Amino acid sequence: MNLKRTAVAAAVLSAVVLSGCSSTGSEGGSAAASCAPAEGKVDLSFTSWIPGIEEVVDVWNKENPDIQVKVQTGPNGNSGTYQNFFNQLKAGNAPDLGQIEYDALPNFRVQNGLMDLGACDDVMAAKDDFVDWTWGQVSLGESDSVYAVPQDSGPMAMFYRADLFEQNGIAIPTTWAEYKEAAKKVRATGAYITNFSQGDINQFAGFVWQAGGSWFDNDGSDWTVDLTDPASKKVADYWQDLIDEDLVSTVPTWTTEWDNAYNSSAAWTWNSAVWGANSIASGAPDTAGKWAVAKAPQWEAGDSAAGNWGGSSTAVFTGSKHPYEASKFALWLNTSDEALTMVNTSANIYPATKEGLNLPVLKEGVDFYGGQPIYDVFAEASSEVSEDFAWGPTMTQTYNDVSDGFKAAVSGDGTLLDALTKGQSATIDALKAQSIPVKE
């Protein structure tokens with residue numbers, strides 16, 4: 001068992017007790033909920049933001065007349081769905097199941113919003129079916145508990161314009177040092193090697209994850225927040241250097257300006273997660289067939305480490321009267337070849353199961369990427385993501401505070417490291433405000 005994640009789980013539990021809540025099952029919150037099948041037909045409700053999820057649920061409903069699922073779609077978690085979940089939990093009318101990203105699970109756990117599925121034998125038996133680090137994300141390090149079923153993951157690699165690198169005689173960088181040298185050569189052409197995101201702190205966290213860092217830890221009772229650990233400082237200093245030397249652009253991501261930079265060949269690479277394949281294809285249609293994917297640059301030549309950006313789970317909310325049936329649906333949704341193929345086709349959802357990485361649809365060449373079977377690169381990256389990265393219970397607030405600092409830094413007001421330092425202080429204050437024990 002990973003001791004760091006076990007300690008983090010204990011801290012989450014401690015926070016639940018301190019906030020006046022108790023976990024479903026027994027005093028102190030350690031026991032899993034009962035997981036017995038219901039008698040007769042069961043109707044479940046499920047909220048998700050996956051495009052095309054309705055068609056997947058239709059398949060389940062046709063095959064399982066006694067367990068019918070009604071799906072509701074909405075914006076992604078931090079765009080409103082999470083707040084809706086919290087409001088519904090408070091009002092006692094939350095759906096049976098909901099999509100929750102890994103970095104948000106500790107927050108729901110602290111608020112006593114998740115049902116412990118440890119008593120559901122089928123769920124616990126499926127542990128080895130999932131990529132190891134994803135199970136750690138949903139179990140919070142507890143050996144006999146699990147608070148959601150892993151849905152997908154976001155292993156990171158480097159998307160790059162193969163044609164432009166070849167035409168300009170620039171070698172594909174395999175280390176971050178080589179990446180900076182390539183950035184200088186790309187800049188000499190009038191373009192940028194990439195865009196540094198002011199707002200996607202999740203991406204920056206993925207860089208820290210790859211570098212061996214972790215922003216949260218616990219000794220079994222108190223949280224430690226360290227957004228400026230050696231790995232984070234190394235990553236911050238590296239990107240600050242590229243910004244200072246005008247080697248990367250800093251336009252806001254997910255904007256027309258951002259899309260145009262890639263569509264017009266003004267930006268040549270994007271260090272992103274597997275789901276980024278669709279983002280580039282939709283945002284830069286004029287560049288079809290010119291892209292490729294390579295492993296993420298490493299900090300030291302010969303290393304094999306990958307970060308992760310994103311990934312979700314399917315959780316059963318506290319208050320559901322049918323955890324057995326809900327868990328059966330969650331397992332089918334996230335382990336069956338049929339469901340996994342459908343959500344990959346409709347939304348590029350990348351499986352969290354080991355077998356899912358070998359789906360036929362993921363072995364095919366992708367036309368937009370010059371016929372390269374790009375998912376082979378991400379399958380390798382998935383096996384290189386560390387299990388030791390833990391999230392804290394106030395990640396939305398942490399992201400917002402660090403993002404504010406990053407936006408200031410790219411404008412010349414302070415540095416990325418300053419932003420992390422201020423974000424750490426704000427996070428500690430937020431934990432204290434919720435009576436969550438924290439070390440300073």
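Each remark here, short or long, concerns the structure printed above.
Residues numbered from 1 in each chain as written. Predicted model: local features only at pLDDT ≥ 70, side-chain atom pairs only at ≥ 80, totals over all residues. Heavy atoms only, no water.

A.B. asks: I keep staring at the overall build of the chain and nothing clicks. Help me out?
C.D. replies: Secondary structure summary: the chain contains 17 helices and 11 strands in total. What you see for the chain is a C-alpha radius of gyration of 22 Å, in line with the 22 Å of a compact globule of 440 residues. Within the chain, the fraction of its 440 residues that count as buried is 56%. Just so you have it, the chain exposes about 17,000 Å², and 47% of that area is on carbon and sulfur atoms. (Helix = DSSP H or I, 4+ residues; strand = E, 2+ residues; numbered from the N terminus. Rg over C-alpha atoms; globule rule 2.2 N^0.38 Å. Buried < 20%, exposed > 50% of the residue type's maximum accessible area, 1.4 Å probe, protein only. Areas by Shrake-Rupley, 256 points an atom, 1.4 Å probe, with all protein chains shown as cover.)

A.B. asks: Explanation requested: the sheet that holds strand S4 (residues 149-150) in the structure shown.
C.D. replies: In a beta sheet, neighbouring strands are held together by backbone hydrogen bonds and run either parallel or antiparallel to one another. In space, the 5 strands of this open sheet follow the order S2-S1-S3-S10-S4, with mixed pairing throughout. Unpaired on one side and paired on the other, strand S2 (67-73) and S4 mark the two borders of the sheet. Where strand S3 (residues 97-101) and strand S10 (residues 312-316) come together, 5 bridges link them in antiparallel fashion. Following the sheet pairing, Glu101 is matched in S10 by Ser312. (Pairing = 2+ DSSP bridges.)

A.B. asks: How should a negative patch on the surface be read in this particular structure?
C.D. replies: A cluster of acidic residues, Asp128, Asp129, Asp337 and Glu355, forms a negative patch on the protein surface. With respect to the helices and strands, the residue Asp337 is situated in helix H14 (residues 337-347). (Patch = residues over 30% accessible without salt bridge, like charges linked within 9 Å, V, L, I, M, F, W, Y side chains within 5 Å. Salt bridge = Lys/Arg side-chain N within 4 Å of Asp/Glu carboxyl O. Lys, Arg positive; Asp, Glu negative; His and termini not counted. Charge placed at Lys NZ, Arg CZ, Asp CG, Glu CD.)

A.B. asks: Even after reading the chapter, I still don't get the layout of surface pockets, so can you show me in this structure?
C.D. replies: A water-sized probe rolled over the atoms picks out the places where empty space is left. Within this model, the largest pocket holds a volume of roughly 1,100 Å³. If you go around the largest pocket, you meet 37 residues; those closest to its centre are Trp49, Asn76, Glu101, Trp275 and Trp309. Sorting the residues of the lining of the largest pocket by element identifies S3, helix H9 (201-210), helix H12 (276-283) and helix H16 (395-410) as the ones contributing at least two each. Residue contributions to the lining of the largest pocket peak at 5 residues, all from H16. Among the residues making up the lining of the largest pocket, the classes are represented as 12 nonpolar, 20 polar and 5 charged. (1 Å grid on protein atoms, 1.4 Å probe; cavity = no way out; pocket = protein on both sides within 12 Å on 5 of 7 lines; lining within 4 Å. Points joined across faces, edges and corners; volume = space filled by probe spheres on them. Nonpolar A, V, L, I, M, F, W, Y, C, P; charged D, E, K, R; others polar.)

A.B. asks: In this structure, what is going on with helix H3 (residues 81-91)? I would like to understand it.
C.D. replies: Note that an α-helix has 3.6 residues per turn; residues three or four places apart therefore point the same way. What H3 keeps buried is the set Thr81, Tyr82, Phe85 and Phe86. The arc that holds the buried residues of H3, viewed along the axis, is 140°, so those residues lie on one side. In H3, those exposed residues whose orientation departs by more than 90 degrees from the buried face are Lys90 and Ala91. On its buried face, H3 is in contact with strand S1 (42-48), S3 and helix H4 (105-110). Positive backbone phi, approximately 80°, marks Gly92, located one or two places after H3. (Arc of directions from axis to C-beta. Contact = heavy atoms within 4.5 Å.)

A.B. asks: Which parts of the structure should I look at to understand the pattern of salt bridges?
C.D. replies: Once the charged atoms of two side chains with opposite charge are near each other, the side chains can pair. All told, the structure shown has 10 salt bridges when counted by the stated rule. The partner of Asp132 in a salt bridge is Lys354, with the nearest N and O atoms 3.4 Å apart. With a gap of 222 residues between them, Asp132 in helix H6 (residues 132-139) and Lys354 in the loop between H14 and helix H15 (375-382) connect regions that are remote in the sequence. Residue Asp132 is classed as partly exposed on the basis of its relative accessible area, which comes to 44%. Look at Lys354 and you get partly exposed, because its relative accessible area is 36%.

A.B. asks: Would you mind showing me how to read the packing of H9 against helix H10 (residues 230-244) here?
C.D. replies: Axes are the key here: two packed helices are described by the angle between their axes and the distance separating the axes. Taken N-terminus to C-terminus, the directions of H9 and H10 make an angle of 120°; their axes are 8 Å apart at the nearest point. Taken as axis vectors, H9 and H10 run oblique relative to one another. Crossing of H9 over H10 shows right-handed handedness. Mapping the contact onto sequence places Phe204, Phe207 and Val208 in H9 and Ala231, Ser232, Val235, Ala236 and Trp239 in H10. Residue composition of the contact of H9 with H10, grouped by class: 7 nonpolar, 1 polar and no charged. (Axes fitted to C-alpha atoms, helices over the stretch in contact; angles between N-to-C directions. Parallel < 35°, antiparallel > 145°, perpendicular 65-115°, else oblique. Left-handed = near helix turned anticlockwise from the far one by under 90°.)

A.B. asks: Teacher, can you tell me more about the nonpolar core here?
C.D. replies: Among the nonpolar cores identified, the biggest contains 137 residues, and Ile100 and Trp239 are the most heavily contacted of them. Top element by residues in this core is H10. It accounts for 7 residues. Those residues within four positions of Trp239 in sequence are excluded, and the remaining contacts are Trp176, Tyr179, Thr194, Phe196, Phe207, Val248, Asn271 and Leu416. (Core = buried A, V, L, I, M, F, W, Y, C linked by side-chain atoms within 4.5 Å.)

A.B. asks: Explanation requested: the state of the cysteines in the structure shown.
C.D. replies: When the sulfur atoms of two cysteines share a covalent bond, that bond is a disulfide. This structure, assessed with the given rule, holds 1 disulfide. Disulfide pairing places Cys35 opposite Cys120 at an S-S distance of 2.0 Å. Given an S-S torsion of about 100°, the disulfide between Cys35 and Cys120 has right-handed geometry. With Cys35 in the loop between helix H1 (3-18) and S1 and Cys120 in the loop between H4 and helix H5 (121-125), this residue pair connects regions lying 85 residues apart in the sequence. Each of the two residues, Cys35 as well as Cys120, counts as buried. (Disulfide = S-S within 2.5 Å.)

A.B. asks: Got a minute to help me understand H16 in this structure?
C.D. replies: Between the first and last C-alpha of H16 there are 22 Å, a value that for 16 residues agrees with the 22 Å anticipated at 1.5 Å per step. Turning to H16, its buried residues are Met395, Thr398, Tyr399, Val402, Ser403, Gly405, Phe406, Ala409 and Val410. The arc enclosing the buried residues of H16, seen along the axis, measures out at 170°, which places them on a common side. Directly after H16, the chain includes Gly412, whose backbone phi takes a positive value near 95°. (Expected span 1.5 Å × (residues − 1).)

A.B. asks: Mind showing me how you'd approach the sheet that holds strand S8 (residues 269-273) here?
C.D. replies: Taking strand neighbours across the sheet as the criterion, the 3 strands line up as S8-S5-S9 in an open arrangement whose pairing is antiparallel. At either end of the open sheet lies a strand with only one pairing partner, and these are S8 and strand S9 (291-294). The mean angle between the axes of side-by-side strands here comes to 30°, regardless of whether they run parallel or antiparallel. Pairing geometry for strand S5 (residues 156-161) and S9, over 4 bridges, is antiparallel. Following the sheet pairing, Tyr160 is matched in S9 by Ala292. Here H12 sits on the sheet and contacts S5, S8 and S9; the angle it forms with S8, its principal contact strand, is near 140°.

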